[in-house]
Amino acid sequence: MSFVTALTSQQIADLNSSDIQSLSTAQIRELSTAQVPYLSSAAIAAMSTGQITALDLVDFAVLTSVQTPGITTNQLKVLSSSQIQALSTVAVPGLTTRQIAGFSTAQVSALTSAQIAALNMATVAAFSSAQLQALSSTQVPGLATEDIAALTSAQIGALRTSSLAGLDSDQIAALTSVNVKGLSTAQLLALSSSQIAALETDDFAQLSSVQLGALGSKQGAGLTTAQLASLDSAELGKLSTAAVQGLGTAAIAGLSSTQVPGLTTAQLAAWTTSVQIRALESADLAQLSSAQVKAFSTTQLSYLSSAQLAALSGAATAVLGTSIIASLDSAGLAALTSTQVAGLSSAQLQVLSSTQVPGLATEDIAALSSAQIGALRTSSLAGLDSDQIAALTS
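Let me sum up the structure you'll find in this document.

## Observations regarding the overall build of the chain
Looking only at helices and strands, the chain has 42 helices and zero strands in total. Taken against the 2.2 N^0.38 rule, which gives 21 Å for 394 residues, the C-alpha radius of gyration of the chain at 36 Å runs more than 25% over that of a compact globule. Seen through its C-alpha atoms, the chain measures out along the principal axes to roughly 125 × 25 × 25 Å. Here the chain holds 394 residues, and the buried ones make up 43% of them. Considering only contacts in the chain between residues 6 or more positions apart, those separated by 24 or more positions represent 79%. Accessible area of the chain: about 15900 Å², with a carbon and sulfur share of 55%. For the chain, the distance from the average site of its 10 positive side-chain charges to the average site of its 21 negative ones is 13 Å.

Written out as C-alpha cells, the structure reads:
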C-alpha cells in the first residue's frame, strides 16, 4: 500500500505547501475521495498545474467551499470543462470574483445551471461580457433574480439572443430600470410575448425610442395595458408598426385620450382587424385628427360602429370617404352630431340615399348651408318627412 493512501485525515490536513509539492502527480492521483476533502486551501494552492489536473473527477466532486478559494488562476487555466463541471454546488459558492474572472469562455460554458445558481450575487456580477455571452439557454435559468438585478446594462446586452429564451417571467421582471436599457434591438426581438409582458411597468417605461421601435408583432401582442399606459403620446408614436399591429384588444382599449394623438398614420393603418378597430374607445376616437382618420383605409373605417363614428370630430368626419358615408344606414347617420353633419362636404352629402336621409335630425338639416342642401340628390329628398322639409325651408 502506498504511503499516500495510508495517510489519515488529520495527516492530510497537516500537509503543508512543501509536503504537497514533494508529491508526484502519480501520488496525487492516489488520494482518495475520503482524503481530498481534508486538504487545506493552502495545500491546494501549492499544487502545480500538473498536480491539480492529476486529480480525478470524483476528487473534484468532493472539494468543499472552504477549499475552492485556494485554486489559483494558473491552476484554473488548465482545468478541463469536465473538471469544472465536476465541482459540486457545495464547492461552487467558495469561488471568488478573482477566480471567476480567470474562467475561460469554454469553462463558463461548462458550468451547469445548478452551479450557476450556487454562485453568489457578487460572483455572478464579476462575469465579463464575453463570459456572459458564453452562457446558453440551458444555463441562464440558474441566474437568480438578484443576480440579474445586479448585472449592468452592458452585461445584459452581452447575453445571446438564443440564451434569453431560457429566462422565465420572474427573471425578466428582475431587470431594473437601469440595466433594461442594455437590451439590444436583436434581444428585444427575441423575447416572447409572455417575457415582454413580464417586464415591470417602470422598467418598460425606460426603453428608448430605438428599443420601442425594435419591437415586433410578437412583442406587441404581449404588451400590457399598464406598460402602454407608462408611455406618453410621443413615446407611443415610437412603437414600431409591427408592434402596434400585434396589440391585443385590451391593450388598444386601454389607450388614453391623451395618448392616441401620438399615434402615427402608419401605426393606425396597421390595425387591420375589425376587433382591433372596434376596441378603440369613443373618447379616444374623438381625439384623432383629420390626418389620422384619413390614414384609415376604407375597410378599416367600415369596421367603426355608429357610436364610434359619432365620436369623431367634425374635421375628422369631413375626411371620411364617400363610400363610408354611403355605407351608413339611417341609424348610423342619426348617430352623427349636428356639428359632424354640418362638416360634411358636398361630395359626402351627394352620396346619401332616400333611405339614409330619414336619419338626419331636424337640427342637422337646419345646420346645413345652402350649398350643402344643393348637393343633396333630388332622389334623396324624397326620403325627407314633413318635419325635415320644414327644417329645410326654415
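## Regarding the nonpolar core
With 109 residues, the main nonpolar core has Leu 39, Leu 228, Leu 239 and Trp 271 as its most contacted residues. It is helix H5 (residues 41-46) that provides the largest number of residues to this core, a total of three residues. In contact with Leu 228, other than residues within four places in its own chain, are Leu 223, Leu 236, Leu 239, Leu 247, Ala 251, Leu 255 and Gln 259.

## Notes on the side chain of Gln 267
Counting through the fold element by element, Gln 267 comes out in helix H28 (residues 265-269). For Gln 267, a relative accessible area of 1% translates into the label buried. Side-chain polar atoms of Gln 267 contact the backbone oxygen of Leu 239, separated by 2.9 Å. Sequence-distant contacts of Gln 267, defined by excluding residues within four places in its chain, comprise Leu 236, Gly 237, Lys 238, Leu 239, Thr 241, Val 244 and Gly 262.

## Some thoughts on the side chain of Gln 195
Of note, Gln 195 is situated in helix H20 (residues 193-198). Contacts of Gln 195, omitting those with residues within four sequence positions, involve Leu 164, Ala 165, Leu 167, Ile 172 and Ala 190.

## Comments concerning the environment of Ser 240
Within the secondary structure, Ser 240 sits in the loop between helix H25 (233-236) and helix H26 (241-246). Accessibility expressed as a relative area gives 13% for Ser 240, which makes it buried. Ser 240 sits 24 residues away from Thr 264 along the chain, and the two C-alpha atoms are 10.0 Å apart. Residues within four places of Ser 240 in sequence aside, it is in contact with Leu 212, Gly 213, Leu 215 and Gly 216. A polar contact is formed between the side chain of Ser 240 and the backbone oxygen of Leu 215, at a distance of 2.3 Å. In terms of polar contacts, Ser 240 uses its side chain to reach the backbone amide nitrogen of Ala 243, at 3.0 Å.

## Comments concerning the environment of Ile 373
Topologically, Ile 373 is positioned in helix H40 (residues 370-375). The partly exposed category is assigned to Ile 373, whose relative accessible area is 22%. Sequence separation between Ile 373 and Gln 187 is 186 residues; the distance between their C-alpha atoms is 59 Å. Setting aside chain neighbours within four positions, we find Ile 373 in contact with Ile 365, Leu 368 and Leu 392.

## Quick look at the environment of Val 357
Its location among the elements puts Val 357 in the loop between helix H38 (346-350) and helix H39 (362-367). Given a relative accessible area of 1%, Val 357 falls into the buried group. Beyond its immediate sequence surroundings of up to four residues, Val 357 is in contact with Leu 333, Leu 352, Ser 380, Gly 383, Leu 384 and Gln 388.

Criteria and thresholds
Residues numbered from 1 in each chain as written. Predicted model: local features only at pLDDT ≥ 70, side-chain atom pairs only at ≥ 80, totals over all residues. Heavy atoms only, no water. Helix = DSSP H or I, 4+ residues; strand = E, 2+ residues; numbered from the N terminus. Rg over C-alpha atoms; globule rule 2.2 N^0.38 Å. Buried < 20%, exposed > 50% of the residue type's maximum accessible area, 1.4 Å probe, protein only. Contact = heavy atoms within 4.5 Å. Areas by Shrake-Rupley, 256 points an atom, 1.4 Å probe, with all protein chains shown as cover. Lys, Arg positive; Asp, Glu negative; His and termini not counted. Charge placed at Lys NZ, Arg CZ, Asp CG, Glu CD. Core = buried A, V, L, I, M, F, W, Y, C linked by side-chain atoms within 4.5 Å. Polar contact = N/O pair within 3.5 Å; in protein donor to acceptor, adjacent residues only side chain to side chain.

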